[in-house]
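What follows is the residue order along each chain.
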Amino acid sequence: MEFAIFRAAAGSPLGPWEKVKAFSKAELGEATGSRVVSIEGGGLLRRGSRWELYVSTEKAQPYPEEFAEFQKPGTGVWSIDVLAADSVGALEAASAEPVIPPGAPHALHAKDPVPFLLTDSAPR
């Protein structure tokens, strides 16, 4: 299983499509220091000249002690990491940084990020 980013040729939403970048569970796990059990939602954001990829992964980690009895066997904890680069093709798993780290009791199972920029659109 992998997380992949595709681009449509000539900007057509109907394709044809080409894979621009892909990340395996092993690559994302190595970058974050935790074995990745599953990869789910992600979101790509352009911030100025930089690209940021927010991706949710289920990491093979135990629940915090106070919630340990609720964890199903074989499951992990969902979290969100961000990868950043000057282009989508230059994104590397090794650049992954936690946005919502796994195991924080107030944010167990954070996943499926939808990144966006807020702007001050109030009339002046």
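Structural notes, computed from the coordinates. (Residues numbered from 1 in each chain as written. Predicted model: local features only at pLDDT ≥ 70, side-chain atom pairs only at ≥ 80, totals over all residues. Heavy atoms only, no water.)

**Regarding the sheet that holds strand 4 (residues 50–59)**
Phase 1 of the analysis: In space, the four strands of this open sheet follow the order 3-4-5-6, with antiparallel pairing throughout. Looking along the sheet, the strands with just one partner apiece sit at the ends: strand 3 (36–47) and strand 6 (97–100). Neighbouring strand axes in the sheet, compared pairwise and without regard to direction, differ in orientation by 30° on average.
Phase 2 of the analysis: As judged from the three bridges shared by strand 5 (residues 77–85) and strand 6, these two strands associate in the antiparallel manner. (Pairing = 2+ DSSP bridges. Helix = DSSP H or I, 4+ residues; strand = E, 2+ residues; numbered from the N terminus. Axes fitted to C-alpha atoms, helices over the stretch in contact; angles between N-to-C directions.)

**Quick word on the pattern of salt bridges**
Phase 1 of the analysis: Counting across every chain of the model gives seven salt bridges.
Phase 2 of the analysis: Ionic pairing is found between Glu-2 and Lys-19, a salt bridge with its closest N-O pair at 2.5 Å. Linking Glu-2 in strand 1 (residues 2–8) with Lys-19 in strand 2 (residues 17–24), this pair joins segments that are 17 residues apart in sequence.
Phase 3 of the analysis: Residue classification places Glu-2 among the partly exposed positions, given a relative accessible area of 41%.
Phase 4 of the analysis: A relative accessible area of 44% means that Lys-19 is categorised as partly exposed.
Phase 5 of the analysis: In this structure, Glu-92 and Lys-21 form a salt bridge, with 3.1 Å as the shortest nitrogen-oxygen distance. With Glu-92 in the loop between strand 5 and strand 6 and Lys-21 in strand 2, this pair connects stretches of sequence that are 71 residues apart.
Phase 6 of the analysis: Note on Glu-92: relative accessible area 43%, which makes it partly exposed.
Phase 7 of the analysis: Exposure remark for Lys-21: the relative accessible area of 15% places this residue in the buried category. (Salt bridge = Lys/Arg side-chain N within 4 Å of Asp/Glu carboxyl O. Buried < 20%, exposed > 50% of the residue type's maximum accessible area, 1.4 Å probe, protein only.)

**Comments concerning the packing of aromatic side chains**
Phase 1 of the analysis: Following the criterion strictly, the structure yields zero aromatic pairs and no others.
Phase 2 of the analysis: Taking NZ or CZ as reference, Lys-111 lies 4.4 Å from the ring centre of Trp-78, over its face. (Phe/Tyr/Trp six-rings, centres within 6.5 Å; stacked < 30°, edge-to-face > 60°. Lys NZ or Arg CZ within 6 Å of the ring centre and 35° of its normal.)

**Quick word on the environment of Thr-57**
Phase 1 of the analysis: Among the structural elements, Thr-57 can be located in strand 4.
Phase 2 of the analysis: Residue Thr-57 is classed as buried on the basis of its relative accessible area, which comes to 2%.
Phase 3 of the analysis: For the pair Thr-57 and Ala-104, spaced 47 residues apart in the sequence, the C-alpha separation amounts to 14 Å.
Phase 4 of the analysis: When neighbours within four sequence positions are excluded, Thr-57 is seen to be in contact with Leu-28, Val-36, Ser-38, Ile-39, Val-77, Trp-78, Ser-79 and Asp-81. (Contact = heavy atoms within 4.5 Å.)

Fair warning: the whole summary comes from geometry, so function is off the table for now.
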